[in-house]
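# Overview (structure and organization)
Each chain is listed here by its residues.
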Amino acid sequence: MSKRQWLWSIRLGAIALLLSFGATSAESALQINSDTTCMKCHKRNGQMLGHHGQDAMKMTCSTCHGEKGDHPKKPNDIVVFGIKDGSELDTQLAVCHKCHTQRKLGETEWTHNVHAQKVPCAACHKLHSPTEPMADMTPKVRSELCRNCHSGR
Amino acid sequence: MENSKRRFLKGTCALFAGATGASLLATVNAAEGAKAESDIKYAMIHDETKCIGCRACEVACRETNQVPEGVSRVRIEQTGPFGEYPNEYYHFSRISCQHCEDAPCVNVCPTGAAFIDKETGIVSVNAWKCVGCQYCIAACPYKIRFINPVTHAADKCDFCRETNLAQGKQPACVEACPTKALVFGNLKDPTSELVQVLRANPTQRAKVALGTRPKLFRILAKSGEVIL
């Protein structure tokens, strides 16, 4: 009886160990998040967990946000993405257009065509979060997204 | 004895006179009532210059009227892109029941399931009367009817007659539209927003030449015609 209990406790312990190992490894696995220069300050608000962070893409923070320059002093040349307090529209668009051509974007999704050079990509797309909000949207979520800006009443 | 006879005759005469008078009054009242009821004739405008193709109308309709997946009472047809990058644009047009005054679907329905509501002019379906023969689907020139996979009856837009309108609200699509591209109202009320918009804008209706007298108006976005 005591032997069986002992075996069970070992099994459970092993499972717990594996689980905790899995959890810690998932957090620090991506190469992009081991960039000590940025992560010194941005560990909390700068972890890159999205599709663009995968190792195979060999991207760093500066691939999109530009070189550090005078940052964190202001003014600096860091590219900030967003519709409200982001960098200049053209600056933001140029970064995404380095890889994503307008023609292909338009073929994939018609809304790219009508918003071309009018809104930054980050108005809808969120790259840092592990899930991209624009992927697998239900029709309802999608129409509500339109409503956020197009509210004529 | 004689007195009672006289009284009886008087009584019966009075009763008959009263009854005929009352029935006359009732018919007059009914006629007036019918007249008053037909003061409503609902119609809708889809302003394609305002439509952004967000399909909120489709979603709201599905939710409000419990339209199952795979079929729809209203959908937005998209054509394009037109123009050159970065100023490309699309056309959106509403595909839904036109609420014809001379509705072919109603004319062909053998059971009377398809009907025009006399009070409102709305073309509607009595699901329990429908036998699913699909004559109406074949007859509709606008191809907007379908068999509801749940009720197995013909189904289509009824301006939310049984849902939102019954609760004194605007149809679900109109309420949902973020850009106010849909206007719903009474054609016979000159003060209604619908009539005001109709007066102020050139509008079009689909397949007018068929004589169906549709009541879904479109405000065209840009010239889609051949330019000479």
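These numbers were taken from a predicted model, which means no experiment stands behind them. (Residues numbered from 1 in each chain as written. Chains lettered and ligands numbered in written order. Predicted model: local features only at pLDDT ≥ 70, side-chain atom pairs only at ≥ 80, totals over all residues.)

## Details of the overall build of chain A
- Counting its secondary structure elements, chain A contains 7 helices and 0 strands.
- The linear arrangement of helices and strands in chain A, starting from the amino end, is α-α-α-α-α-α-α.
- Evaluated residue by residue, chain A yields a buried proportion of 8% over its 153 residues.
- In chain A, the share of contacts with a sequence separation of at least 24, taken over all contacts with a separation of at least 6, comes to 48%. (Helix = DSSP H or I, 4+ residues; strand = E, 2+ residues; numbered from the N terminus. Buried ≥ 20, exposed ≤ 12 C-beta atoms within 10 Å, placed from the backbone. Contact = placed C-beta atoms within 7 Å.)

## A word on the overall build of chain B
- Within chain B one finds 6 helices and 9 strands.
- In chain B, buried positions account for 31% of the 228 residues.
- Of the contacts formed within chain B by residues at least 6 apart in sequence, a portion of 58% connects residues at least 24 apart.

## Observations concerning the interface of chain B and chain A
- Between chain B and chain A, the residue contacts involve 16 residues of the former and 15 residues of the latter.
- Broken down by element, the side of chain B that touches chain A gets its largest block of residues, 3 residues, from helix α2 (residues 56-64) of chain B.
- Considered class by class, the residues forming the side of chain B that touches chain A number 10 nonpolar, 1 polar and 5 charged. (Nonpolar A, V, L, I, M, F, W, Y, C, P; charged D, E, K, R; others polar.)

## A closer look at the packing of helix α7 (residues 139-149) of chain A against α2 of chain B
- At a closest axis distance of 9 Å, the pairing of α7 of chain A and α2 of chain B adopts a crossing angle of 135°. As summarised for this structure, α7 of chain A and α2 of chain B are arranged oblique, according to the angle between their axes. α7 of chain A and α2 of chain B meet at a crossing whose hand is left-handed. Contact residues: P139, K140, S143 and R147 of chain A in α7 of chain A; A56, E58 and V59 of chain B in α2 of chain B.
- The class makeup of the residues in the contact of α7 of chain A with α2 of chain B is 3 nonpolar, 1 polar and 3 charged. (Axes fitted to C-alpha atoms, helices over the stretch in contact; angles between N-to-C directions. Parallel < 35°, antiparallel > 145°, perpendicular 65-115°, else oblique. Left-handed = near helix turned anticlockwise from the far one by under 90°.)

## What to know about the pairing of strand β8 (residues 182-186) of chain B
Residues and elements named next belong to chain B.
- Of all 5 residues making up β8, 4 are buried, and the element is well covered by its neighbours.
- Where strand β1 (residues 42-47) meets β8, 5 bridges bridge the pair, whose relative direction is antiparallel. Residue pairing across strands places I45 opposite V183, the latter belonging to β8. (Pairing = 2+ DSSP bridges.)

## Observations concerning the sheet that holds β1 of chain B
All names here are of chain B.
- The 3 strands are arranged β8-β1-β9 in an open sheet whose pairing can be described as mixed. This sheet does not close on itself; its edge strands, each paired only once, are β8 and β9 (216-219). Put simply, the sheet's adjacent strands are angled 20° from each other on average, direction ignored.
- Against the sheet, helix α6 (residues 193-200) contacts β1, β8 and β9, and its axis sits at roughly 115° relative to β8.

## Considering the environment of F159 of chain B
All names here are of chain B.
- As for its position among the elements, F159 is in the loop between β7 (154-155) and α5 (172-176).
- Residues F159 and N65 lie 94 residues apart in sequence; the distance between their C-alpha atoms is 10 Å.
- Excluding residues within four positions of it along the chain, F159 makes contact with Y42, I122, L165, P171 and F184.

## Details of the pairing of β1 of chain B
Residue and element names in this part refer to chain B.
- Counting buried residues along β1, 6 of its 6 residues qualify, which places the element largely inside the surrounding structure.
- Of the two faces of β1, the one carrying Y42, M44 and H46 and the one carrying A43, I45 and D47 are both buried.
- As defined by bridge partners, β1 adjoins β9 across 4 bridges and the pair is classed as parallel. In the strand pairing of β9, H46 is matched with R218.

## So, the nonpolar core
All names here are of chain B.
- In this structure, C57, A60, C173, A176, C177 and L182 are the most contacted members of the largest nonpolar core, which totals 45 residues.
- When contributions to this core are tallied by element, the ones reaching two or more residues are β1, α2, β5 (123-125), α5, β8 and β9.
- Here the element with the most residues in this core is α2; it accounts for 5 residues.
- If we ignore the near neighbours within four places in the chain, the residues touching C57 are V74, I76, C173, A176, C177 and L182. (Core = buried A, V, L, I, M, F, W, Y, C linked by C-beta atoms within 7 Å.)

## Some words on unusual backbone geometry
- Cis rather than trans, the peptide bond between H71 of chain A and P72 of chain A has omega equal to 10°.
- Checked against the element boundaries, P72 of chain A lands in the loop between α3 (61-65) and α4 (89-97).
- With an omega of 0°, the peptide bond between Y85 of chain B and P86 of chain B qualifies as cis.
- Residue placement: P86 of chain B occurs in the loop between β2 (75-82) and β3 (89-95).
- A positive phi angle, near 70°, is found at Q134 of chain B, a position not held by glycine.
- Tracing the chain through its elements places Q134 of chain B in the loop between β5 and α4 (135-139).
- The phi dihedral of K180 of chain B is positive, around 60°, even though this residue is not glycine.
- Structurally, K180 of chain B can be placed in the loop between α5 and β8.

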